[in-house]
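So the chains spell out like this:
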Amino acid sequence: MKLEIPPPPDTVDKPAAWGAVFALALGAFVLVASEFMPVSLLTPIATDLAISEGQAGQSIGVSGAFALLTSLCIPVLAGRLDRKVLLLALTLLMIASGTLAAFAPNYFLFMVGRALIGVAIGGFWSMSAAVAMRLVPLHKVPRALAIVNGGNALATVVAAPLGSFLGAIVGWRGAFFCVVPVAAIAFAWKFASLPAMPAQGGGASKNVFGLLKRPEVAFGMAATSFFFMGQFALFTYLRPFLERVTRVDVSTLSLLLLILGVAGFAGTMFIGRFLKEGLYRTLVVIPALMAAIAVALIAFGDSLAATAILLGIWGLVGTAAPVGWWTWLAQTLPRDAEAGGGLMVAVVQLAIMLGAGIGGVVFDASGYRASFSMSAGLLVVAAVLAALAARALRPASAAKGAP
């Protein structure tokens, strides 16, 4: 996920530090892989730690909670610390998180490890784009941001199926620990390639919550929140659903998750043309389509072929949706993109926490039919709110054009 779209920085023509940009991309890969590793390992985690699968799913919720808190606090720290030092500290947290989660003897310490990765997620995504923009000349910033977010996209494709595959070979603990050496490589690469980046003064707007006074922003942020809640209320509990309802083995599970990931990667490549032709139409259609898929999974989840097709479509549109919402943010708040980006970080992380958390409670109490139905309902609300955001924007645009 792109978790910050800051305004154009003060730049001079300078050599591009591409090594540092690729180091950030590797860090993004490790973060996203670590964040969603539990999705494909809920069952073995729950069995080993003697907890329910819903409780195991809370590990995604707790990382989202700490990412939310960190995203709200990191601007204060980032304003005082050298960005290189801060990035290296966050990378050390990745290493500590993976190690603690892999060797945790009980549920509490496992959740502490997940809290640490949440801190790293919130800190990294709240500043990564701004850091990338300090590493290259202004005209090369789009390429740098594409590289950094390429690590995110790659992890989205491989994290879940790779976690399932490694879990079958070396166990869930071994799968978690596999991210540690990769994080160590990212640390060494950042240490060697990142230049010193002392804090910069600036007059960027800090009025984050004041943006919600604009109806189109309030509706858009609400739609974003309901979208991610609905998505993660279902996505977090795919493995137990596929094992119990579709009755797949581990190898077939890995294949289905790979289909979902590859389709999502393809979606991010092609969504641009749809956004150009109709931004709000796309933002309404995606959650509506995903709601229909959630209902279809309840009806046809016992069919492997139907489930594979449905998950492919879910990945195709669901993974691409954040691109649409960040495009909406850039178009709606061109002069307050930094403040809006900070607000978006908080909204997304809170929504992930609530979706995974409440989804786990419902899944444990009433089963997959209830949790998937809840997901569908939340996604329908997201579609309605996106339509209301479009309607609210028209009067605002008309007012700006009035004499």
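Residues numbered from 1 in each chain as written. Predicted model: local features only at pLDDT ≥ 70, side-chain atom pairs only at ≥ 80, totals over all residues. Heavy atoms only, no water.

1. Things to note about the overall build of the protein chain
And then number 1: Across its full length, the protein chain carries 15 helices and zero strands.
And then number 2: Within the span of the protein chain, comprising 403 residues, buried residues form 55% of the whole.
And then number 3: Across the protein chain, the fraction of contacts at a sequence separation of at least 24, relative to all contacts at a separation of at least 6, is 87%.
And then number 4: Accessible surface, the protein chain as shown: approximately 16300 Å² in total, 70% of it carbon and sulfur. (Helix = DSSP H or I, 4+ residues; strand = E, 2+ residues; numbered from the N terminus. Buried < 20%, exposed > 50% of the residue type's maximum accessible area, 1.4 Å probe, protein only. Contact = heavy atoms within 4.5 Å. Areas by Shrake-Rupley, 256 points an atom, 1.4 Å probe, with all protein chains shown as cover.)

2. So, the pattern of salt bridges
And then number 1: The final tally for this structure, using the stated rule, is four salt bridges.
And then number 2: In this structure, E53 engages R244 in a salt bridge whose closest nitrogen and oxygen atoms are separated by 2.1 Å. Of this pair, E53 sits in helix α3 (residues 53-78) while R244 sits in helix α9 (residues 238-246), placing them 191 residues apart in sequence.
And then number 3: Across the pair E243 and R239 runs a salt bridge, and its minimum N-O distance is 2.8 Å. Taken together, the residues E243 and R239, both in helix α9 and four residues apart, mark about one turn of the helix.
And then number 4: For R239, a relative accessible area of 8% translates into the label buried. (Salt bridge = Lys/Arg side-chain N within 4 Å of Asp/Glu carboxyl O.)

3. Regarding the confidence of the model for the protein chain
Predicted coordinates in areas of low pLDDT are best not read in detail.
And then number 1: Of all residues in the protein chain, 85% have pLDDT values of 70 or greater, and the mean over the chain is 83.
And then number 2: Note that residues 1-12 has pLDDT below 50 and, in this model, 36 contacts with residues that lie over four places away or in other chains. (pLDDT = per-residue confidence, 0-100.)

4. Observations concerning the nonpolar core
And then number 1: In this structure, F110, L135, F176 and W328 are the most contacted members of the largest nonpolar core, which totals 122 residues.
And then number 2: Top element by residues in this core is helix α1 (residues 18-36). It accounts for twelve residues. (Core = buried A, V, L, I, M, F, W, Y, C linked by side-chain atoms within 4.5 Å.)

5. Observations regarding helix α12 (residues 304-318)
And then number 1: The end-to-end C-alpha separation of α12 is 20 Å, in line with the 21 Å expected for 15 residues at 1.5 Å each.
And then number 2: Turning to α12, its buried residues are T307, A308, L310, L311, G312, W314, G315, V317 and G318. (Expected span 1.5 Å × (residues − 1).)

6. Considering the packing of aromatic side chains
And then number 1: Tallied over the full model, the rule gives eleven aromatic pairs.
And then number 2: Ring geometry for F241 and Y368: centres 5.2 Å apart, planes at 55°, overall tilted. One end of the pair, F241, is in helix α9; the other, Y368, is in helix α15 (residues 368-401), with 127 residues separating them in the sequence. Like Y368, F241 is buried.
And then number 3: The interplanar angle of 80° and the centroid separation of 5.4 Å between the aromatic rings of W325 and W328 together place this pair among those described as edge-to-face. (Phe/Tyr/Trp six-rings, centres within 6.5 Å; stacked < 30°, edge-to-face > 60°.)

7. Quick look at unusual backbone geometry
And then number 1: Within the chain, A50 stands out as a residue other than glycine whose phi angle is a positive 60°.
And then number 2: Of note, A50 is situated in the loop between α2 (42-49) and α3.
And then number 3: Residue classification places A50 among the exposed positions, given a relative accessible area of 72%.
And then number 4: In the Ramachandran plot, R247 falls in the positive-phi region, its phi being about 60° despite a non-glycine side chain.
And then number 5: Tracing the chain through its elements places R247 in the loop between α9 and α10 (250-277).
And then number 6: A relative accessible area of 67% places R247 in the exposed class.

8. Quick look at the packing of α2 against α9
For any two helices packed against each other, one specifies the crossing angle of their axes together with the interaxial distance.
And then number 1: Orientation of α2 relative to α9, taken along the N-to-C sense of each, is 95°, at an axis distance of 8 Å. In terms of orientation, α2 and α9 fall into the roughly perpendicular class. Mapping the contact onto sequence places L42, T43 and P44 in α2 and R239, P240 and E243 in α9.
And then number 2: Class assignment for the residues of the contact of α2 with α9 results in three nonpolar, one polar and two charged. (Axes fitted to C-alpha atoms, helices over the stretch in contact; angles between N-to-C directions. Parallel < 35°, antiparallel > 145°, perpendicular 65-115°, else oblique. Nonpolar A, V, L, I, M, F, W, Y, C, P; charged D, E, K, R; others polar.)

9. A few points about a nonpolar patch on the surface
And then number 1: A cluster of nonpolar residues, L162, F165, I169 and V170, forms a patch on the protein surface that exposes about 380 Å² of accessible area.
And then number 2: Residue position: V170 is located in helix α6 (residues 141-177).
And then number 3: For V170, a relative accessible area of 47% corresponds to the partly exposed category. (Patch = residues over 30% accessible without salt bridge, like charges linked within 9 Å, V, L, I, M, F, W, Y side chains within 5 Å.)

10. Examining the environment of L93
And then number 1: Along the chain, L93 turns up in helix α4 (residues 83-103).
And then number 2: Each C-alpha atom, one on L93 and one on V119, is 7.8 Å from the other, the two residues being 26 residues apart in sequence.
And then number 3: Those residues in contact with L93 that sit more than four places away from it in its chain are L116, V119 and A120.

11. As for the environment of A28
And then number 1: Mapped onto the fold, A28 is located in helix α1.
And then number 2: Distance in space between the C-alpha atoms of A28 and S128 is 8.9 Å, their sequence separation being 100 residues.
And then number 3: Residue contacts for A28: discarding those within four places in its chain leaves F124, W125, V148, G151 and N152.

12. Some remarks on the side chain of S164
And then number 1: Tracing the backbone shows S164 in helix α6.
And then number 2: At 2.9 Å, the side chain of S164 forms a polar contact with the side chain of S254.
And then number 3: In this structure S164 touches S40, L41, R239, V250, L253, S254 and L257, once residues within four positions along its chain are discounted. (Polar contact = N/O pair within 3.5 Å; in protein donor to acceptor, adjacent residues only side chain to side chain.)

13. Some points on the environment of W189
And then number 1: With respect to the helices, strands and loops of the structure, W189 is situated in helix α7 (residues 179-193).
And then number 2: For the pair W189 and G19, spaced 170 residues apart in sequence, the C-alpha separation works out to 8.0 Å.
And then number 3: Apart from residues lying up to four places away in sequence, W189 is in contact with G19, F22, A23, L26 and L194.

14. So, α9
Every α-helix winds through 3.6 residues per turn, so residues three or four apart in the chain are directed the same way.
And then number 1: Extensive coverage of α9 is indicated by the burial of seven of its nine residues.
And then number 2: Those residues of α9 not exposed but buried are L238, R239, P240, F241, L242, V245 and T246.
And then number 3: Two residues or fewer past α9, R247 is found with a positive phi of approximately 60°.

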